[in-house]
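Read off the chains here:
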Amino acid sequence: MKRSANQPKYLSSFIVALIIMYLLIGTIIFMNLKIDSVVLQKSINNIYSKDVFAHFLRAENHYFYPKETDELFTLSNATKMAIQLATSVKPTDARTFLGNELPGLRLYDTEIIIAGEGTDLTTLPYESSPPTEVLLEERKVAEEKLKQTESNSSEDNTQFSPPQKKTVYIYQTHSWESFLPLLEDAQVPNDAISNDERANVIGLGKRMSQNLLNKGIGVVHDTTNMTKTLNEKGMRSTKAYSVSGNLVEAAVSEKENELTYFIDIHRDSARKNLTTKNINGEDYARLYFVVGKEHNKYLENLDTAKELHKRLEAKYPGISRGVFLKTKSEGNGVYNQDVSNKAMLIEIGGVDNDLNELYRSVDAFTEVFSEYYWELSEAKEVNGNG
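What you see is a predicted model; the values in this text were computed from it and never measured. (Residues numbered from 1 in each chain as written. Predicted model: local features only at pLDDT ≥ 70, side-chain atom pairs only at ≥ 80, totals over all residues. Heavy atoms only, no water.)

1. As for the sheet that holds strand β1 (residues 111–115)
Item 1. Pairing within the open sheet is mixed, and its seven strands lie in the order β1-β8-β7-β9-β4-β2-β3. With partners counted over all chains shown, the strands left at the sheet margins are β1 and β3 (218–221), one partner each. Taking the axes of each pair of neighbouring strands and ignoring which way they run, one obtains an average angle of 25° across the sheet.
Item 2. Of the strand pairs in this sheet, strand β4 (residues 257–266) and strand β9 (residues 343–348) are connected by five bridges, and their pairing is parallel. (Pairing = 2+ DSSP bridges. Helix = DSSP H or I, 4+ residues; strand = E, 2+ residues; numbered from the N terminus. Axes fitted to C-alpha atoms, helices over the stretch in contact; angles between N-to-C directions.)

2. Side note on the side chain of D120
Item 1. Its location among the elements puts D120 in the loop between β1 and α6 (132–135).
Item 2. Looking at D120, the relative accessible area reads 12%, which means it is buried.
Item 3. Among the polar contacts made by the side chain of D120, one reaches the side chain of T122 at a distance of 2.5 Å. (Buried < 20%, exposed > 50% of the residue type's maximum accessible area, 1.4 Å probe, protein only. Polar contact = N/O pair within 3.5 Å; in protein donor to acceptor, adjacent residues only side chain to side chain.)

3. What to know about the pairing of β9
Item 1. Summarising burial for β9: six of the six residues are buried, a large majority.
Item 2. The side-chain alternation of β9 yields two buried faces, one formed by A343, L345 and E347 and the other by M344, I346 and I348.

4. What to know about the nonpolar core
Looking at soluble globular proteins, one finds that nonpolar side chains tend to be buried together.
Item 1. Among the nonpolar cores identified, the biggest contains 49 residues, and V168, I263, F289, F365 and F369 are the most heavily contacted of them.
Item 2. In terms of residues, this core owes the most to one element, helix α13 (residues 355–382), which gives ten residues.
Item 3. Excluding its chain neighbours within four sequence positions, the residues that come into contact with I263 are V168, Y169, I170, Y171, M208, M344, I346, F365 and F369.
Item 4. Residues I112, L124, V290 and F324 belong to the second largest nonpolar core, which totals nine residues. (Core = buried A, V, L, I, M, F, W, Y, C linked by side-chain atoms within 4.5 Å. Contact = heavy atoms within 4.5 Å.)

5. Examining the pattern of salt bridges
Item 1. This structure, assessed with the given rule, holds 16 salt bridges.
Item 2. Ionic pairing is found between E117 and K277, a salt bridge with its closest N-O pair at 3.0 Å. Here E117 is found in the loop between β1 and α6, whereas its partner K277 is found in strand β5 (residues 276–279), with 160 residues between them in sequence.
Item 3. Between E375 and R311 there is a salt bridge, with the nearest N and O atoms lying 2.7 Å from each other. Of this pair, E375 sits in helix α13 while R311 is found in helix α12 (residues 298–315), placing the two residues 64 residues apart along the sequence.
Item 4. Beyond isolated ion pairs, a larger network of salt bridges with shared partners links E307, K310, R311 and E375. (Salt bridge = Lys/Arg side-chain N within 4 Å of Asp/Glu carboxyl O.)

6. A closer look at helix α10 (residues 240–253)
Item 1. The end-to-end C-alpha separation of α10 is 20 Å, in line with the 20 Å expected for 14 residues at 1.5 Å each.
Item 2. Restricting attention to buried positions, one finds in α10 the residues A240, Y241, V243, S244, G245, V248 and A251.
Item 3. On the buried face of α10, the contacting elements are β2 (166–171), α9 (226–233), β4 and β9. (Expected span 1.5 Å × (residues − 1).)

Printed below as a string of structure tokens:
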């Protein structure tokens, strides 16, 4: 077949475009420029196209992929999956041609569904688990600082009869995630690791659990020491979601439970300037929601996260950093959220937040969550589904 005279010109233009993209992404990553995240995200999303996939193939084989036969690129799902398994290239996402070549491009696989105050592509959450041997190193807890923490909840202590059913499951897949102010001689984010429940996210789970019980909501709170469990099983820290997934499944199988809501509590590794917000004269640890996309319930879970974000922002402006959608190329991708259409992963605070800031945010979340919970429960009863 005769080669098109315009093809060299198209190929040259495409190469120039790639070079420009490379320079742009390199500038963002290494210079940490604060550019308009919406514009950049749209630019990245615009390269999702079968036309780009076709262009790559045409450049290699002009006979089988002439420009006039674009119908060849209407691929079946099976064909797309076969190509992805064989080459790690996703035909519907041209970024996968470049992700292993351009440093940092994979970072943008995290999609910002709702951007909270100060959230853009330069402040995306990034998941990383320390090696198990690091997790086993015990750090001394700052006892004096723990004693100084205010112990009274800002939640009202309205007493309810003991809940007849347990509908909320709270757990901590990365139970070792702790906070620098609560540990002795801890200076950098990688030091914020502890297996002491008073200093890590299990303590936040306990606070949340008690608050919900005070609101008449039945809770199962798992306090598994994930570091110890992983070590006993001879598993790496990257397998934490497999272990917590087994815990979730076991809780669901218990006959006395009617679990609908699943809350996995984490903390971010970002520093205080990103993770703290002063609201009405008091500092709060900011939080955000992560939704895994790699299962068929993610849209419903996403709706739940968006609704809770909206309600939080209405009462505590600036407390939420937003809602993020992740695939398996940037994190786990499921996060055990396939167990329910009301499952969520919440990152509360960062390595620099103290317990006062963290507890205020846990109290704010449980206040908003309980209102949401009872509204849905009442709606079900009215509709005869209770």
